[in-house]
Amino acid sequence: MPIAQSSTAALERMKARARRWGASGRRGGAVKSKGGSLALGAAAPCGGHRCGGGGGGGGGAASPRKQSMGDVEARQPWRGWTLSQQLRSKMNMSSSSLALVAAAAAAARDFVGLRTHMISRLREATTCASGSKFLSSGSQLLASGSMQKSGASARPMHVMASKDGSGQKKGRQGTGTSVMWFRNDLRVSDNEALLRAWQTSSAVLPVYCLDPRVFSTTHVFQFPKTGELRAQFILESVADLRKNLQRRGLDLVIRVGHPEEIVPSLAEAVGAHTVFGHKETCSEETTVEGRLKGRLAKVNVPSEVPGKSVRHPQLDLVWGGTLYHIDDLPFSPNQLPDVYTQFRKACETNSRIRPACKMPHQMGPLPDSVEKIGGCGPLPTLADVGLTPREQSPSGVMHFAGGETAALARLQDYFWVKDKVRAYKETRNGMLGADYSTKFSPWLAHGCITPRTIGEELKKYEGERVANQSTYWFLSIKYGNSIFHLGGPRNVKGKSWGQDKLLFEAWRDGKTGYPLIDANMKELAQTGFMSNRGRQIVCSFLVRDMGLDWRLGAEWFETCLLDYDPCSNYGNWTYGAGVGNDPREDRYFSIPKQAQTYDADGEYVAHWLPQLRHLPKTARHFPKDAYLRPIVPLRHGQAPRNQPNSGRQPAFRRN
C-alpha cells in the first residue's frame, strides 16, 4: 500500500520502496470461541492493522477475515515516553532544551522501555517521560509537510519554500473553494493543511467526521476500541476546534458517519477543487484515505480550467504533527536505524526542525453554499456513538480537558507559571501529582498541539532535557502491520503466550495482589492516564510475571488511554514483550526494586488503594494478609509474602 501521496520526488520514491518492504498487510485472523475464550488462528488475509494473529504459537485455524473499515480508529499514541537522550537541532536550542521538548511532547506516551526502539518517534516530541530507556519518540522525525502526489491537483498546489524552509506562502493567492478534512489534527495553530486550504482558495469548508468505526472493538480480543474517557476528550477537542475556527471567521461542519462517504458529498455540494488533510501511516487510516480519493475521482465539479467544463476534486494530504518533517530525515524510512542512539545521532547531526506554521488571524469566509448542505451541524455527543458519559476521577494527577485551548494553557502553566521545566530531570520519574512531567501527551495524541509549538516555546525558555516519540511513526512505515503481530517486527517465534482470562481480568481490574500494579491499573481505568514508569512496570508484569499475550495489554491500553496512538502503543508493547527491534529482548522490571526506588513511602499506592493508608509506609507495597493474595509469584525479586493463588481455570486459550 502506498505510504503517502506527495508532490516531492522523495515521497514518490518512498512509495515505491513501501511496495517492496511494507506490502505485507497480512495478519492473523481472530475469532471468538465459545465459553468466553478467544482463539487466535494463523495468519489470514487482512488489510487492517488490527487483525489479530501473527507469528508465534500454535492454535486452531481462524477463518479468513477481510479488513473491515468499521474499525478505523483515531490515531493517538501514548506519548509520554521517556525523555532521555538530548536531541540537538539546528534551532539554536541547547541539547538539554531540546530534550525537554521531546519529553514534553512525549508526556504520556512513555511506555515500555523504548529508549532504543523507535517505531513511531516521528509523531511528536514526547513529553512526559522518565529519563528511562523507554523513550517514546526517540526522534520526532516528521514535522509538518506536504504529502501531496505530484500533479494531483488541477490548480498549482505546490507551496514555495520560504527562506526559512517552512514551506509557507505569503498571503492568499487561490480562488474557488477547498475543503479542510480534520482527523487527528484538532487545532488551528501550526496546521499546514489548513494553511494550504486557505492559501489556495477564496473560501474554506472545515469538516470533521465522527466515524462510528473508531468506537467499535479491537480485532483480537474485542475490547472497546475507544473508551468513554478518551471519547469525551475527543468531543471536547472538536468543540474547542469549532470555537477557534469561529474566531478566525470560519466554522466546523460536523457529521457522524464514514469520511469516505461524507467528505466527497460535501465537496461536490460546495464545488470544491481540493480536499486537504493530514497524512496518516497505519493501514486502517490509509484505507480510508484511498477510498476517499477513489470517490472523489467520481465527483464532478465545475472547472475553472479553460476548455474543461467539469473536473474532479483532488485529495492533498500533508505531513504534519511531528517534530521533524519526513523529507528532512537523513535516511529513507526503510533505512531507519533499529537502535535509538544511531537514530538520534544521525538526526541531530544532519537534520533540522522546521519552524511552526504562522496562521492568519482571519481565514474566512465559508462557502456561500453552506446552508445548502444543511448547515454546520450540532456538536456530537457520546450517545451518538453508543457510549455513556463518565467523568475522570478527581483522584487523578490532573484533569485533562480536550482541545487546543487547554493544551496551550498547560504549556503556559508548565513552562512559565509554575516554572517546572527547571526541575524536569529530577521529577520526570514521578507517579503522583500534576507536575512531575509535562502531561502534554493527550493533546499531542489528538493533534491539539504540535511538537514544534512546544519546541519553539522551549527555545524561549531553554529548560531541561527532552525526548520525543516520532520514531515509532517511522517504524510503522518501515515495518507496516508487523507491529500488531504476535511475533512483532522481528517475527519472533517459539514463545509460549498465555491467554488466561482470570489472570488478565485481575491485571485489568487492579486485583493482582501487588499494590504497585493494582494502583497503576486503577489510575488508568479511572483517569485514562498512567505515568511512563507505571506503563513500563505493568507491561513487564503482564508479560514476564503472568506470561500473558502482550496484545491483551496493548488492546486494553488502546481502550483506556487518553493519549492512545497505534504506533507508540503497539511499538512500546512489542518492545516490552521482547518482540520489537531493540536488541534487549528480556528486560524485566522487578516490583520490589521499582517500589523502593519510585514509591518508597507508599504514597502512590495508598492514594489509589486507600485501604493501605493505615499501614506503616514500609508495609504498603507488601502488606501480606492486609491485602489481596498475589495471583502469581514474581519471576525475580520475590518479596516475603504468602504463596500466590492456585487452581485458576484458563479462559483464554494458550497459543
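Everything numeric here is computed off the predicted structure, so don't read it as measured data.

Cut-off values and rules
- Residues numbered from 1 in each chain as written.
- Predicted model: local features only at pLDDT ≥ 70, side-chain atom pairs only at ≥ 80, totals over all residues.
- Heavy atoms only, no water.
- Helix = DSSP H or I, 4+ residues; strand = E, 2+ residues; numbered from the N terminus.
- Buried < 20%, exposed > 50% of the residue type's maximum accessible area, 1.4 Å probe, protein only.
- Contact = heavy atoms within 4.5 Å.
- Areas by Shrake-Rupley, 256 points an atom, 1.4 Å probe, with all protein chains shown as cover.
- Axes fitted to C-alpha atoms, helices over the stretch in contact; angles between N-to-C directions.
- Left-handed = near helix turned anticlockwise from the far one by under 90°.
- Nonpolar A, V, L, I, M, F, W, Y, C, P; charged D, E, K, R; others polar.
- Core = buried A, V, L, I, M, F, W, Y, C linked by side-chain atoms within 4.5 Å.
- Domains from an automatic or database assignment.
- UniProt positions renumbered as here; feature names shortened; annotations may be inferred.
- Parallel < 35°, antiparallel > 145°, perpendicular 65-115°, else oblique.
- Expected span 1.5 Å × (residues − 1).
- Salt bridge = Lys/Arg side-chain N within 4 Å of Asp/Glu carboxyl O.
- pLDDT = per-residue confidence, 0-100.
- Pairing = 2+ DSSP bridges.

Looking now at the overall build of the chain. When you go through the chain residue by residue, the secondary structure sums to 19 helices and eleven strands. Across the 655 residues of the chain, 67% fall into the buried class. The contacts in the chain between residues at least 6 apart in sequence include a share of 79% that link residues at least 24 apart. Split by element, the accessible area of the chain, about 21,600 Å² in all, is 52% carbon and sulfur.

Moving on: the packing of helix H15 (residues 532-545) against helix H16 (residues 550-560). A pair of packed helices is captured by two measures, namely the crossing angle of their axes and the spacing between those axes. For the pair H15 and H16, the least separation of the axes is 8 Å and the interaxial angle reads 145°. The crossing of H15 and H16 is right-handed. Together, Arg535, Val538, Leu542 and Val543 of H15 and Trp550, Gly553 and Phe557 of H16 make up the contact between the two elements. Looking at the contact of H15 with H16 residue by residue, the classes come out as five nonpolar, one polar and one charged.

What follows is about helix H17 (residues 566-576). Across the eleven residues of H17, eleven count as buried, placing the element largely inside the fold. For H17, the complete set of buried residues consists of Pro566, Cys567, Ser568, Asn569, Tyr570, Gly571, Asn572, Trp573, Thr574, Tyr575 and Gly576. A positive phi of about 80° marks Gly578, the residue just after H17.

Take unusual backbone geometry next. If a residue is not glycine, its phi is most likely negative; likewise, a peptide bond is most likely trans. Omega for the bond connecting Gly364 with Pro365 falls within 30 degrees of zero, at 10°, which places this linkage in the cis form. Of note, Pro365 is situated in the loop between helix H7 (340-350) and helix H8 (404-417). A positive phi angle, close to 60°, is found at Lys439, a residue other than glycine. Tracing the chain through its elements places Lys439 in the loop between helix H9 (424-427) and helix H10 (441-445). Taking the relative accessible area as the measure of exposure, Lys439 reaches 0% and is therefore buried. The phi dihedral of Lys624 falls on the positive side, at around 55°, and the residue is not glycine.

Our focus in this paragraph is the environment of Arg508. Position of Arg508 relative to the elements: it lies in helix H13 (residues 501-509). Residue classification places Arg508 among the partly exposed positions, given a relative accessible area of 22%. Separated by 17 residues in sequence, Arg508 and Ala525 have C-alpha atoms that sit 8.4 Å apart. Beyond its immediate sequence surroundings of up to four residues, Arg508 is in contact with Met521 and Trp556.

Attention now moves to the nonpolar core. Ranked by size, the top nonpolar core spans 54 residues in total, and within it Phe182, Phe415 and Trp443 carry the most contacts. For this core, the elements supplying multiple residues, two or more each, are strand E5 (177-182), helix H3 (192-199), strand E6 (203-210), helix H4 (228-247), H8, H10 and helix H11 (451-461). Two domains each donate at least three residues to this core, and these are domain 1 (177-320) and domain 2 (403-472). Sequence-distant contacts of Trp443, defined by excluding residues within four places in its chain, comprise Phe233, Met398, Phe400, Ala401, Gly402, Gly403, Ala406, Ala407, Arg410, Cys448 and Ile449.

Here His607 lies in helix H19 (residues 603-608). Residues His607 and Ser395 lie 212 residues apart in sequence; the distance between their C-alpha atoms is 7.9 Å. When residues no more than four places from it in sequence are discounted, the contact partners of His607 are Ser395, Leu432 and Arg613.

It is worth spelling out the environment of His258 at this point. On the secondary structure map, His258 appears in the loop between strand E7 (253-256) and helix H5 (259-270). Of the residues examined, His258 reaches a relative accessible area of 27% and is grouped as partly exposed. Residues His258 and Val288, 30 residues apart in the sequence, show an inter-C-alpha distance of 8.6 Å. The residues touching His258, leaving out its near neighbours within four places in the chain, are Asp211, Pro212 and Arg213.

As recorded in UniProt, the sites labelled "binding site: FAD" (unreviewed entry) are Tyr424, Ser437, Thr438, Lys439, Phe440, Ser441, Trp473, Asp563, Tyr564 and Asp565. By the secondary structure assignment, Ser437 is in the loop between H9 and H10. With respect to the helices, strands and loops of the structure, Asp563 is situated in the loop between H16 and H17.

Taken N-terminus to C-terminus, the directions of H16 and H17 make an angle of 155°; their axes are 10 Å apart at the nearest point. Considering the angle they form, H16 stands roughly antiparallel to H17. Seen from above, H16 lies across H17 with right-handed handedness. Contacts between H16 and H17 pair Trp550, Gly553, Ala554, Glu555, Phe557 and Glu558 from the former with Asn569, Tyr570, Trp573 and Thr574 from the latter. Its residues assigned to classes, the contact of H16 with H17 shows five nonpolar, three polar and two charged.

In an α-helix, one turn spans 3.6 residues; hence positions three or four apart end up facing the same way. With twelve residues, H5 extends 16 Å between its outermost C-alpha atoms, agreeing within 8% with the 16 Å of an ideal straight helix rising 1.5 Å per residue. Every buried residue of H5 is accounted for by Pro259, Glu260, Ile262, Val263, Pro264, Leu266, Ala267 and Val270. At its buried positions, H5 is contacted by E5, E6, E7, strand E8 (272-278), helix H6 (283-296) and strand E9 (301-302). Once H5 ends, the next one or two residues include Gly271, with phi positive near 70°.

This paragraph deals with the pattern of salt bridges. For the coordinates displayed, the defined rule picks out 22 salt bridges. Between Asp435 and Lys418 there is a salt bridge, and its shortest N-O distance comes to 3.0 Å. Of this pair, Asp435 sits in the loop between H9 and H10 while Lys418 is found in the loop between H8 and H9, placing the two residues 17 residues apart along the sequence. A residue is classified by how much of its surface remains accessible, and Lys418, at 37% relative accessible area, is partly exposed. Between Arg620 and Glu603 there is a salt bridge; the shortest N-O distance is 3.0 Å. Of this pair, Arg620 sits in the segment after H19 while Glu603 sits in helix H19, and the two are 17 residues apart along the sequence. Each member of the salt-bridge network shares a partner with another, and the members are Arg410, Asp413, Lys418 and Asp435.

In the predicted model, the chain carries a mean pLDDT of 73, and 65% of its residues have values of at least 70. Low pLDDT, under 50, characterises residues 1-11; the predicted model gives this stretch 44 contacts beyond four residues in sequence or across chains. Note that residues 641-655 has pLDDT below 50 and, in this model, 64 contacts with residues that lie over four places away or in other chains.

A separate point is the pairing of E8. For E8, a buried count of seven out of seven residues is recorded, marking the element as mostly surrounded by other parts of the structure. As paired strands, E5 and E8 are joined by four bridges and run parallel to one another. From the neighbouring strand, Val179 faces E8, where its bridge partner is Val275. With five bridges connecting them, E8 and strand E11 (residues 314-319) associate as parallel partners. The partner of Thr274 across the bridge, within E11, is Gln314.

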